[in-house]
Amino acid sequence: MTDRPIAHRTRELLAAHGIRLKKSLGQNFLTDMHVLDKIVRAVDMSDRAGVLEIGPGIGALTERLAERAQKVVAVELDDRLVPVLRELFKSRPNVEIIHGDALKVDLQAIVQSSFEGVDEVHVAANLPYYVTSPILVRLLEERLGLKRIVIMIQKEVADRLTARPGTKDYGSLSVLVRYFAEAEEVARVPAHVFVPRPQVDSAVVKLTLRERPAVAVVNEPLFFRVVRAAFAQRRKTLSNTLHSALLSSREKREVEDWLKQAGIDPKRRGETLDLEEFAAITEVLDHAGITAER
Ligand code: SAM
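Residues numbered from 1 in each chain as written. Predicted model: local features only at pLDDT ≥ 70, side-chain atom pairs only at ≥ 80, totals over all residues. Heavy atoms only, no water.

## Here's the deal with the overall build of the chain
Within the chain one finds twelve helices and nine strands. Taking 294 residues into account, the globule formula puts the C-alpha radius of gyration at 19 Å, and the chain, at 21 Å, falls close to it. Counting only C-alpha atoms, the chain reaches 70 × 40 × 30 Å along its principal axes. Scored against the burial criterion, the 294 residues of the chain give a buried share of 55%. Total accessible area computed for the chain in this model is approximately 13900 Å², and 46% of it derives from carbon and sulfur atoms. A gap of 5 Å separates the mean positions of the 44 positive and 42 negative side-chain charges of the chain. (Helix = DSSP H or I, 4+ residues; strand = E, 2+ residues; numbered from the N terminus. Rg over C-alpha atoms; globule rule 2.2 N^0.38 Å. Buried < 20%, exposed > 50% of the residue type's maximum accessible area, 1.4 Å probe, protein only. Areas by Shrake-Rupley, 256 points an atom, 1.4 Å probe, with all protein chains shown as cover. Lys, Arg positive; Asp, Glu negative; His and termini not counted. Charge placed at Lys NZ, Arg CZ, Asp CG, Glu CD.)

Given below as structure tokens:
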């Protein structure tokens, strides 16, 4: 390894290996050391931390993480990059490169087998934009025992993750994130620090995982079905959208009664509800024998 950071050698490394970046894989690589350091600082890791990186690319962030962490495990889908990464990090025994799809690999198994001896596990990633939401949903729903998730994502998605009820960005992803974590935007990042330059600006968001969910729910799968149904048709009233997206086999009047029992005006719109209100609806529906399956 030379003394020059990978971030500053991105173009020459790609050229040396004849790699042309693929838009279809969301390949926009970070070249700015300040931004990389902001991500690493936001992870705020202990000396014995493990970090799971999704999509290491050519390894710019991986390199910075490996200087701080006890162990870095990086999952990369592109088979052209995997041998290059293994070569770049061959003198760093604390870096493990896994060739795989972050949507399909067994994350539980990776966290359990690759992070032996670490005292906390974090995720850090400049996520491929085309799969930001499904990857984030996996990281949250699979209860991997993570402490923090620090991700670079499209600015518009960052706004959704941190949105509060009653705002235009508030949606099912905002509820999911708030249920599992506290979200904070730590930086806005202009498009020009990436190679190649993406169409949109980005943001770094830090999610600090809660020890237990923000609200107690009686039936978690039903809770998330209710949330998704509530946002399915944003311009409809809550009773209409719940009726058509979740409870179409029941009478409309029944749906309205259940909402009233939960203390919620059926004419409200889903986007005005907070977590406690979604939990209250879930409790009434669960009590009425409604299940998450349709
Ligand atoms: N971490 C690097 C950086 O910051 O410069 C690269 C980030 S780039 C936005 C996203 C990376 O994720 C690419 O290297 C791409 O090949 C990889 N990728 C895309 N889809 C993936 C998937 N489903 N699983 C794992 N990696 C994926």
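Having seen the model, we can carry on.
## Examining the domain arrangement of the chain
When the domains of the chain are assigned, the result is domain 1 (6–209) and domain 2 (220–287). Just the C-alpha atoms count here: the centres of domain 1 and domain 2 sit 35 Å apart. Facing the 14 residues of domain 1 at the interface are 13 residues of domain 2. Approximately 1000 Å² of surface area, both sides summed, lies buried where domain 1 meets domain 2, with 66% of it carried by carbon and sulfur atoms. Ranking the residues of domain 1 by area buried against domain 2 places Tyr-170, Val-175 and Tyr-179 at the top, with a combined share of 48%. At the boundary of domain 1 and domain 2, one finds one salt bridge. Two residues, Glu-220 and Arg-143, come together in a salt bridge whose shortest N-O distance is 2.8 Å. At the surface where domain 1 touches domain 2, the tally comes to six residue pairs in polar contact (both at pLDDT 80 or more). Tallying contributions element by element places helix α8 (residues 172–180) first for the side of domain 1 that touches domain 2, with six residues. For the side of domain 1 that touches domain 2, the per-class residue count stands at six nonpolar, four polar and four charged. (Domains from an automatic or database assignment. Contact = heavy atoms within 4.5 Å. Buried area = accessible area lost by both parts, 1.4 Å probe. Salt bridge = Lys/Arg side-chain N within 4 Å of Asp/Glu carboxyl O. Polar contact = N/O pair within 3.5 Å; in protein donor to acceptor, adjacent residues only side chain to side chain. Nonpolar A, V, L, I, M, F, W, Y, C, P; charged D, E, K, R; others polar.)

## Overview of the pattern of salt bridges
What the rule picks out here adds up to 19 salt bridges. Across the salt bridge formed by Glu-271 and Arg-234, the nearest N and O atoms sit 3.9 Å from each other. With a gap of 37 residues between them, Glu-271 in the loop between α11 (252–261) and α12 (275–287) and Arg-234 in the loop between α9 (220–230) and α10 (238–245) connect regions that are remote in the sequence. Where Glu-277 meets Arg-268, a salt bridge forms, and the shortest distance between an N and an O atom there is 2.9 Å. The exposure class of Arg-268 is partly exposed, given its relative accessible area of 25%. A single network of salt bridges, built from pairs that share partners, joins Asp-37, Arg-64 and Glu-67.

## Considerations on the site of the ligand
Around the ligand sit 22 residues in total, of which Leu-30, Gly-55, Glu-76, Asp-101 and Ala-102 are the nearest. Within the backbone of Gly-57, one N or O atom sits 3.3 Å away from an oxygen atom of the ligand. Between Glu-76 and the ligand, the recorded distance is 2.5 Å, taken from a side-chain N or O atom to an oxygen atom. Protein coverage of the free-state accessible area of the ligand, which is 600 Å², stands at 99%. Secondary-structure elements contributing two or more residues to the shell around the ligand are β1 (29–30) and β3 (71–76). (Near = heavy atom within 4 Å.)

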